[in-house]
Amino acid sequence: MAETKEKSLSDEKPKPRVRPIVRLGIFLISHSFHVSVVCCTAGVLALFLLPVLAKNTYISENALMPGSASPMLSNQHVSDGNRLVKDLTNPNSKSSETGIESHKIIAQYMLDLGAEVSFHKFHPQMNQFHPLHFFSSPDSGKIQENYSCSSYGINTVGIIRAPHGDGKEAIVLVTPYNALKSGFGEALSLGIAYSVFSLLTQVTWLAKDIIWLVADSQYGEYAAVAAWLREYQTPKFSSLSTPNAEMCPDVNNLFELKGHSISGSKFSNSFRRAGTMASALVLKVRDQNEQFEDTISIYAEASNGQMPNLDLINVVNYLAVHRQGLRVNVEKLWSLLNSSWLKSLGEIFESLAKVAKSLYPKWKFGIPATEYVEGTATLASSLYYQALGVPTGPHGAFRDYQVDAITLEISPKFSLDKVWRNDILLRGGRLIEGVIRSVNNLLEKFHQSFFLYLLTSPSKFVSVGVYMIAFAFLIAPLPMVAASLYVDANSSSNCSKGDSSTPSAITDTDEHSIAIRSWRWLNSAKLVFIVHLWGAIVSLLPYFISQIPDCSPTTSFMIWVLLSILSLLTLNSVLASPLACAKATQEKEWALVKSVTISSVFIGLGLMSVINFATAEIGALLMVPMCLLAQPLKLDVRAGTLRSFCRMICNLVLGHIAFPPAALFLLKGMLDGFGNANVGDFWMWVESLWAWNSATYLFIGMVQLPCWVLCISILFHTC
């Protein structure tokens, strides 16, 4: 008896303890529906709470010290700037067909100050989609074939060497100027820059070189700045520093003529450089006077949602508001300012804030409803332009080389007569002087403040640690739902194939069939792979369509759609679709397809959030609800309940909204009116995306479009 008892005790093995993290995972998977509802609701609510959670901006880098010194720009410098404006607006300066007289005037003014002056000649570049050059710089370096030797742009560059610097760092001031069609605003921006330039030639505190680039904007502001930056960062070791010089033998003579016509030993035909660029400012003045007060607008978005260091914007905002009395403005979606539902939401948040403050007076939560509406409009604009991935100004060319840069556009209150012209020259010049002086104090590059942020006003921002919460809530249900669908599909399949016999009665054949069924997800993975491969093909098709001559945007779009459908049918026939399997295994096949689709969407959104958060956030708002709700319409029709009917309606609505052309049509209709939207708009929008090498283009073609196709295939699955 003792031996039997000892043997029974030895046969008993302790059950392994389930770890708490495993228990939590099992609980979340088993309650994936409720978790999805809670997480998606929290994600949308957190997105609408971002204007409330925005913090006031502050200067992180103490060395900047904005406004610590009194401005040195005097009325004498303003008079010098006025003199340049008068000479540039003289009709005689525009008599030449190429506008070379204006460039000579600007160069002569720079030489009179003792600056080093040079001309940079460039040809307009052709932004054309090419799949092998997609991740290169926006300009491919190919000159358009229909431009002759006389069609060129000329950038005028002046450099001031810092008296106490080592020539290793520089600050760039850019003023776009079209000598052929220049307005008074462009001439005034040159006057402001020249007044600051004349001051900086006299100061002793300058520690960084100053580069004044007068960008020839006849072929676009960005093109002129990008061409100069390309030559500055990647020099061409040739005698002319101009593309295709051997095709234009008169280029040398043109430079020699300019060299002889300008006196001064500091003028050079060769390309001149300074040190590494610490920052850059693009200055513009608007001709229109539509504002109620003098306003300065800040444009900061660059390619793929890149933003400059927040300290640079903070310095401009502080000096403009507290030193020069200018109103600072950032872009807004003006259609949201008059939104009644947004105003009602702001009033709800304002009421909740009052209740919270009554319960705990130290809790400062909430903002006024009007401020909430304006903050939401600014936040939506910031998300929109970052998601597009297209620069909002010539400052974007600097961000391609990791140089912090912004565009400042001054809008005067009154017409630019002589009195108000002097006022704008003085205040604008002192603002630029203050910013240059602050950047001049830096001993290293901008690094203290934020690079990942969203603006809700010029003085409020949302950091990456806050706005990522909304995105994390939105995508959190995806892996749990994918795991739940996989478990449910396999368990239901096993139950349907089994019987009431005991586990000991299962034969080897049954175990083998169960093992085979557990790997059925590979068929679904094959389908998802085929559709994503099709998405890559669709993304490459515009390269070939763009080669068709004299093709309108509407025609190009229709050709794109037809070729896309044809390629999908071809891939589906060549690589057998797992949806075409036997009817005995189709009952839960859609669940496995949905599981793998959700997994691929989760990976795509996660990768895109690293490249461009705004694109990932907007994509999650469109794709996550569609992926979670996707279910065969036949099942909802058979169920006949109110819940299934609501889900069917939501699936049909989301299926239309999540389709990229339909989403753009709705967005354009809400902003500009549905009468102005047409089919060709999507092709033109896609052209702008690939011309700027925006990662949003790849996201739409290789993540969102395949996801939409897979969800539609699930909706129309034959159960």
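Since the structure is predicted, the reported quantities are computational estimates derived from the model, not experimental observations.

Chemist: What is the right way to look at the pattern of salt bridges in this model?
Modeler: Pairs can form between side chains of opposite charge whenever their charged atoms are close. Tallying each qualifying case throughout the model produces 14 salt bridges. The salt bridge involving R427 is made with D294; its shortest N-O contact spans 2.6 Å. Here R427, found in helix α13 (residues 418–440), pairs with D294, found in the loop between β7 (276–285) and β8 (295–299); they are 133 residues apart in sequence, far enough to count as distant. D294 shares its class with R427; the two are buried.

Chemist: Teacher, can you tell me more about the sheet that holds strand β1 (residues 55–56) here?
Modeler: Backbone hydrogen bonds are what pair the strands of a sheet, in a parallel or an antiparallel way. An order of β1-β12-β11 is seen for the three strands of this open sheet, with the pairing classed as antiparallel. At either margin of the open sheet sits one strand with a lone partner, and together these are β1 and β11 (453–457). Inspection of the sheet shows β1 paired to strand β12 (residues 460–463) by two bridges, in the antiparallel sense. In the sheet register, K55 faces β12, and the bridge partner there is F461. Each of β11 and β12 touches helix α14 (residues 464–475); the most contacted strand, β12, lies at about 60° to it.

Chemist: Any chance you could explain α14 here in plain terms?
Modeler: Along an α-helix, residues three or four apart share an orientation, since each turn contains 3.6 residues. End to end, α14 covers 16 Å across twelve residues, agreeing with the expected 16 Å (1.5 Å per residue, within 8%). Y467, A470, F471, L474 and I475 are the residues of α14 that are buried. Summarising the axial view, the buried residues of α14 lie within an arc of 130°, below the 170-degree limit, and thus occupy one face.

Chemist: Any chance you could explain the state of the cysteines here in plain terms?
Modeler: Here a disulfide denotes a covalent bond joining the sulfur atom of one cysteine to the sulfur atom of another. For the structure on display, the rule yields zero disulfides. Not engaged in a disulfide, the cysteine C39 finds its nearest cysteine sulfur in C40; these two sulfurs lie 7.0 Å apart. Residue classification places C39 among the buried positions, given a relative accessible area of 13%. Distance from the sulfur of C707, which forms no disulfide, to the nearest cysteine sulfur (C627) is 3.3 Å. Of the residues examined, C707 reaches a relative accessible area of 2% and is grouped as buried.

Chemist: I tried to follow the layout of surface pockets on my own but got confused; where do I start?
Modeler: Where empty space is left can be seen by rolling a probe of water-molecule size over the atoms. Looking at the second largest pocket, its volume works out to about 720 Å³. In terms of lining residues, the second largest pocket is bounded by 22 residues, among which F33, K594, L628, L629 and R647 are the most central. Of all the elements in the fold, those that place two or more residues in the lining of the second largest pocket are α3 (32–53), α15 (477–497), α19 (589–611), α20 (613–629) and α22 (642–657).

Chemist: Looking at this model, I keep getting lost on helix α6 (residues 184–200). Mind explaining?
Modeler: Between its first and last C-alpha, α6 extends 24 Å over 17 residues, near the 24 Å set by a 1.5 Å rise per residue. Of all 17 residues that make up α6, 15 are buried, and the element is covered over most of its length.

Chemist: Sorry if this is basic, but what is going on with the UniProt feature "transmembrane region" (unreviewed entry) in the protein here?
Modeler: Within the UniProt annotation, "transmembrane region" (unreviewed entry) is assigned to residues 21–50, 464–487, 527–545, 557–579 and 691–716. Within the segment residues 464–487, helix and strand shares are 96% and 0% respectively, and the terminal C-alpha atoms sit 35 Å apart. The annotated region residues 527–545 carries 100% helix and 0% strand content, and the separation between its end C-alpha atoms amounts to 27 Å.

Chemist: For this particular structure, what's the right way to read the environment of S644?
Modeler: Residue placement: S644 occurs in helix α22. In sequence terms S644 and Q631 are 13 residues apart; their C-alpha atoms lie 9.7 Å from each other. Non-local contacts of S644, meaning those with residues more than four positions away in its chain, are made with D636 and A639. One polar contact links the side chain of S644 to the main-chain carbonyl oxygen of T641, over a distance of 2.8 Å.

Chemist: Sorry, what's going on with the confidence of the model for the protein here?
Modeler: The predicted structure's coordinates, where accompanied by low pLDDT, should not be read in detail. Predicted confidence across the protein gives a mean pLDDT of 82, with 79% of residues reaching 70 or more. A low-confidence stretch, residues 238–260 (pLDDT under 50), is modelled with 25 contacts involving residues beyond four sequence positions or located in other chains. For the stretch residues 494–509, pLDDT sits under 50, and the model shows four contacts to residues farther than four places along the chain or on other chains.

Chemist: Would you explain the nonpolar core in this entry?
Modeler: Soluble globular proteins: nonpolar side chains tend toward being buried together. Ranked by internal contacts, the top residues of the largest apolar core, which has 100 residues, are I211, W228, F398, W560 and L605. Of all the elements, helix α25 (residues 695–715) adds the most residues to this core, at twelve residues. What F398 contacts, discounting residues up to four positions off in sequence, is V172, V174, V225, W228, L229, M277, A280, V403 and A405. Of all hydrophobic cores here, the second largest spans 74 residues; its members include I160, I171, L190 and I192.

Chemist: Quick question: what am I supposed to make of the pairing of strand β5 (residues 209–216) here?
Modeler: Side-chain positions along a regular strand alternate between the two faces of the sheet. Within β5, eight of the eight residues are buried, which leaves the element mostly enclosed by the surrounding structure. On β5, burial covers both faces: D209, I211, L213 and A215 on one face and I210, W212, V214 and D216 on the other are all buried. Here strand β3 (residues 153–160) runs beside β5; their pairing, made up of five bridges, is antiparallel. Each residue of the ladder has a partner; that of T156, found in β5, is V214. Sheet topology places strand β4 (residues 169–177) next to β5; eight bridges connect them, and they run parallel. Within β5, the residue paired with V174 across the bridge is L213. After leaving β4, the chain enters α6 and then returns to the sheet as β5, a path that is right-handed.

Cut-offs applied
- Counting of residues starts from 1 at the beginning of each chain's written sequence and follows it residue by residue.
- Only residues with pLDDT of 70 or above have their local features reported here, since the model is predicted, and side-chain atom pairs are shown and tallied only from 80 upward, although totals for entire chains, interfaces and linings are computed over all residues.
- Only hydrogens and water are removed before side-chain values are computed, so all heavy atoms of the structure are retained for them.
- Whenever Lys or Arg places a side-chain nitrogen within 4 Å of a carboxyl oxygen from Asp or Glu, that contact is recorded as a salt bridge.
- Secondary structure follows DSSP: runs of H or I at least 4 residues long count as helices, runs of E at least 2 residues long count as strands, and numbering of each begins at the N terminus.
- When a residue's accessible area, from a 1.4 Å probe over protein chains only, is under 20% of the maximum for its type it is buried; when over 50% it is exposed; and in between it is partly exposed.
- Pairing between two strands is assigned when DSSP locates at least 2 bridges connecting them.
- Here a residue-residue contact requires only that any non-hydrogen atoms of the pair lie within 4.5 Å.
- An axis is simply a line fitted to the C-alpha atoms; with a helix, the fit covers only the stretch in contact. Between two such axes, the angle follows the N-to-C directions and lies from 0 to 180 degrees.
- Here the expected span of a helix is defined as 1.5 Å times the quantity of residues minus one.
- By definition, the arc is the one covered by directions from the helix axis to the C-beta atoms.
- Cysteine sulfur atoms that pair up within 2.5 Å are treated as a disulfide.
- Using protein atoms alone on a 1 Å grid, points that fit a 1.4 Å probe yet trap it form a cavity, whereas open point sets bounded by protein on both sides within 12 Å along at least five of seven lines form a pocket; residues with an atom within 4 Å of a point count as lining.
- Grid points are joined across faces, edges and corners, and a volume is the space filled by probe spheres set on the points.
- UniProt positions are given in the numbering used here, feature names are shortened, and annotations may be inferred rather than shown by experiment.
- Distance and chemistry together define a polar contact, namely a pair of N or O atoms within 3.5 Å, with one atom able to donate a hydrogen and the other to accept it when in protein, and with adjacent residues in sequence counting only for side-chain atoms on both sides.
- Residue-level confidence of the predictor, termed pLDDT, takes values from 0 up to 100.
- Residue types Ala, Val, Leu, Ile, Met, Phe, Trp, Tyr and Cys, when buried and joined through side-chain atoms within 4.5 Å, form a set referred to as a nonpolar core.
- A right-handed crossover is one whose linking path, passing over the helix from the first strand to the second, runs clockwise when the strands point away from the viewer.

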